[in-house]
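Now for the letters of each chain:
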Protein chains: 2
Amino acid sequence: MNNVAEPQAKVNPVITAEQLLEHWQGHRRLTRRAIEVYPEDKFFTYSIGGMRPFADLIMEMLAMPEEGLKGAITGDWLKGEDVNKLFARKAPATKADILRLWDETTEKINELWPKIPAHRFQENDMAFGMYEGQIYWTILYFIDNEIHHRGQGYVYLRSLGIEPPAFWERN
Amino acid sequence: MNNVAEPQAKVNPVITAEQLLEHWQGHRRLTRRAIEVYPEDKFFTYSIGGMRPFADLIMEMLAMPEEGLKGAITGDWLKGEDVNKLFARKAPATKADILRLWDETTEKINELWPKIPAHRFQENDMAFGMYEGQIYWTILYFIDNEIHHRGQGYVYLRSLGIEPPAFWERN
């Protein structure tokens, strides 16, 4: 816009990589609480309007982070039939098992995140061999997809007479 | 982390202000399509589990952007009773009226966004006089809150036998 604004934009990031990680993990802590309050027997079976049960929505959230971050780091993505297999993973038998997977993924995200080279966020790539976009967009997609499906889980919970965790609480 | 990483982070933004605006407006285009496919008579009345009808969720999405961005720009926030009034605005009588409000807000966001001083994104502030956080967090909250409630509208739509717009389509 002018000579001053451009250098300012460089030294004044909108959000840093560390903050985006914390933002994501904050949402993941909230989703974890939504799993915790969900009745065990309904978690794997209950749905509205022919949609997937909450367990299956959670399995989708668990499919993306590890392989997604590996792709973000290296540019080398899981592709084709391997992606289908990843997204077709069946939910384990109990909520406790899902929560264990959830916590393993939390650790995996924390471990992989600092390995994303700084220049990668703005690079264009083909996520999972088929979704084109800049890496920041792909990572926001993982987060947004979780918010979207968790919001759906909130409706399931309300329709079961259960109060979901507060949306704004991320600790 | 080391001498190289820090300067890199400065010249390699995770996301620029322009990209975050486009990300938000992409979500808002999707929400607009969800309003469009919603049956007129159900839009103001239908709900699940004692939740608010989609019209009221949309009014919440319409309450935040203009006053929120004015606060982000100036540090001068609508407060107290004025915030209550803003969030208590009743939905207009028709979907066409809501879509008109939606489009006015789209323009208002585009007009206000470039006025956010670059340094503000990282500044701590008290949004609407009561929600403490850095400005980037507050703006992500507006976006995330929209994704969350739109996801709920998707369940309402599915339970009415209507296919919602594709989540990944943001054009």
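Quantities reported herein were computed from a predicted structural model and do not represent experimental measurements.

Draft legend 1. Examining the overall build of chain A more closely. Along the backbone of chain A there are 7 helices and 2 strands. From first element to last, N terminus to C terminus, chain A shows the α and β order α-α-α-α-α-α-β-β-α. Each principal axis of the C-alpha distribution contributes one length, and for chain A these read about 60 × 35 × 30 Å. In chain A, which comprises 171 residues, the share counted as buried stands at 50%.

Draft legend 2. Fine view of the pattern of salt bridges. All names here are of chain A. Applying the stated criterion to the full structure yields 22 salt bridges over all chains. In this structure, the salt-bridge partner of Glu67 is Lys70, at a minimum N-O distance of 3.8 Å. Taken together, the positions of Glu67 and Lys70, both in helix 4 (residues 54–74) and 3 residues apart, correspond to about one turn of that helix. Put simply, Arg32, Glu36 and Asp103 are held in one network by salt bridges that share partners.

Draft legend 3. Up close: the nonpolar core. Counting residues in hydrophobic clusters, the biggest one holds 102 residues, and the most contacted among them are Trp113(A) and Trp113(B). Setting aside its immediate chain neighbours within four residues, Trp113(B) contacts Ala17(B), Glu18(B), Leu20(B), Leu21(B), Trp24(B), Leu69(B), Phe121(B) and Ile139(B).

Draft legend 4. View of the pairing of strand 2 (residues 131–134) of chain B. All names here are of chain B. Alignment of strand 1 (residues 124–127) against strand 2, held across 4 bridges, turns out to be antiparallel. Across the sheet, residue Ala127 finds its bridge partner in strand 2, namely Tyr131. Between strand 1 and the antiparallel strand that follows it, strand 2, lie 3 residues; Phe128 among them carries a positive phi value of about 50°.

Draft legend 5. Representation of the interface of chain B and chain A. Between chain B and chain A, the contact holds 41 residues from the first and 41 residues from the second. The contact between chain B and chain A buries some 3800 Å² in all, and 66% of this surface belongs to carbon and sulfur atoms. For chain B, the biggest contributors to the area lost against chain A are Val14(B), His148(B) and Phe167(B); these three give 17% of the whole. Where chain B packs against chain A, one counts 0 salt bridges. On the surface where chain B and chain A come into contact, there are 10 residue pairs in polar contact (both at pLDDT 80 or more). Every element with two or more residues in the side of chain B that touches chain A is listed here: helix 1 (5–11), helix 2 (17–37) and helix 7 (135–159) of chain B.

Draft legend 6. Main features of the packing of helix 4 (residues 54–74) of chain B against helix 7 of chain B. Residues and elements named next belong to chain B. Between helix 4 and helix 7, the shortest axis-to-axis distance is 10 Å and the interhelical angle comes to 170°. It follows that helix 4 is roughly antiparallel to helix 7 by the angle criterion. Contacts between helix 4 and helix 7 involve Phe54, Leu57, Glu60, Met61, Met64, Gly68, Leu69 and Ala72 on the former and, on the latter, Ile135, Ile139, Tyr141, Phe142, Asn145, Glu146, His149, Arg150, Gln152, Gly153 and Tyr156. Class assignment of the residues belonging to the contact of helix 4 with helix 7 gives a composition of 11 nonpolar, 5 polar and 3 charged.

Draft legend 7. The arrangement of the relation of the copies chain B and chain A in detail. Of the two same-sequence chains, chain B is brought onto chain A (RMSD 0.0 Å, axial shift 0.0 Å) by a rotation of 180°. With respect to symmetry, the two chain copies, as superposed, fit the operation of a two-fold axis. Both copies present the same face, since 100% of the interface residues in chain B are matched by interface residues at the equivalent positions in chain A.

Draft legend 8. Structural detail: the side chain of His23(B). Within the secondary structure, His23(B) is located in helix 2. Residue class for His23(B) comes out buried when judged on its relative accessible area of 6%. Discounting chain neighbours no more than four positions away, the residues touching His23(B) are Trp137(A), Leu140(A), Asp144(A), Ile143(B) and Arg170(B).

Draft legend 9. Geometry of unusual backbone geometry. Despite not being glycine, Phe128(A) shows a phi value in the positive range, around 50°. Under the relative-accessibility criterion, Phe128(A) is labelled buried at 3%.

Draft legend 10. Local environment of helix 4 of chain A. Residue and element names in this part refer to chain A. An ideal rise of 1.5 Å per residue puts 30 Å on 21 residues; helix 4 measures up with 32 Å between its terminal C-alpha atoms. At Glu67, helix 4 shows its maximal kink, close to 25°. By the criterion of burial, helix 4 is predominantly enclosed, with 17 of the 21 residues buried. Of the residues one or two after helix 4, Gly75 is the one with positive phi, at around 80°.

Draft legend 11. Quick peek at the packing of aromatic side chains. Under the criterion given, the structure shown has 24 aromatic pairs over all chains. When the centroid spacing of 5.0 Å and the interplanar angle of 85° are considered together, the rings of Phe43(A) and Phe44(A) count as edge-to-face. Residue classification places Phe44(A) among the partly exposed positions, given a relative accessible area of 23%. A ring pair is formed by Tyr46(B) and Tyr156(B), whose centres lie 6.1 Å apart and whose planes are at 85°; its orientation type is edge-to-face. With Tyr46(B) in the loop between helix 3 (40–43) and helix 4 and Tyr156(B) in helix 7, the pair connects residues that are 110 residues apart, well separated along the chain. Overall, the relative accessible area of 0% leaves Tyr156(B) in the buried class. Connected via pairs of aromatic rings, a cluster forms that spans Trp24(A), Trp113(A), Phe121(A) and Phe142(A). Sitting above the plane of the Phe167(B) ring, Arg170(B) keeps its charged end 4.8 Å from the centroid.

Criteria and thresholds
Residues numbered from 1 in each chain as written. Chains lettered and ligands numbered in written order. Predicted model: local features only at pLDDT ≥ 70, side-chain atom pairs only at ≥ 80, totals over all residues. Heavy atoms only, no water. Helix = DSSP H or I, 4+ residues; strand = E, 2+ residues; numbered from the N terminus. Buried < 20%, exposed > 50% of the residue type's maximum accessible area, 1.4 Å probe, protein only. Salt bridge = Lys/Arg side-chain N within 4 Å of Asp/Glu carboxyl O. Core = buried A, V, L, I, M, F, W, Y, C linked by side-chain atoms within 4.5 Å. Contact = heavy atoms within 4.5 Å. Pairing = 2+ DSSP bridges. Buried area = accessible area lost by both parts, 1.4 Å probe. Polar contact = N/O pair within 3.5 Å; in protein donor to acceptor, adjacent residues only side chain to side chain. Axes fitted to C-alpha atoms, helices over the stretch in contact; angles between N-to-C directions. Parallel < 35°, antiparallel > 145°, perpendicular 65-115°, else oblique. Nonpolar A, V, L, I, M, F, W, Y, C, P; charged D, E, K, R; others polar. Least-squares fit on C-alpha atoms with pLDDT ≥ 70 in both. Expected span 1.5 Å × (residues − 1). Bend = angle between axes of the 7 residues up to and from the residue. Phe/Tyr/Trp six-rings, centres within 6.5 Å; stacked < 30°, edge-to-face > 60°. Lys NZ or Arg CZ within 6 Å of the ring centre and 35° of its normal.

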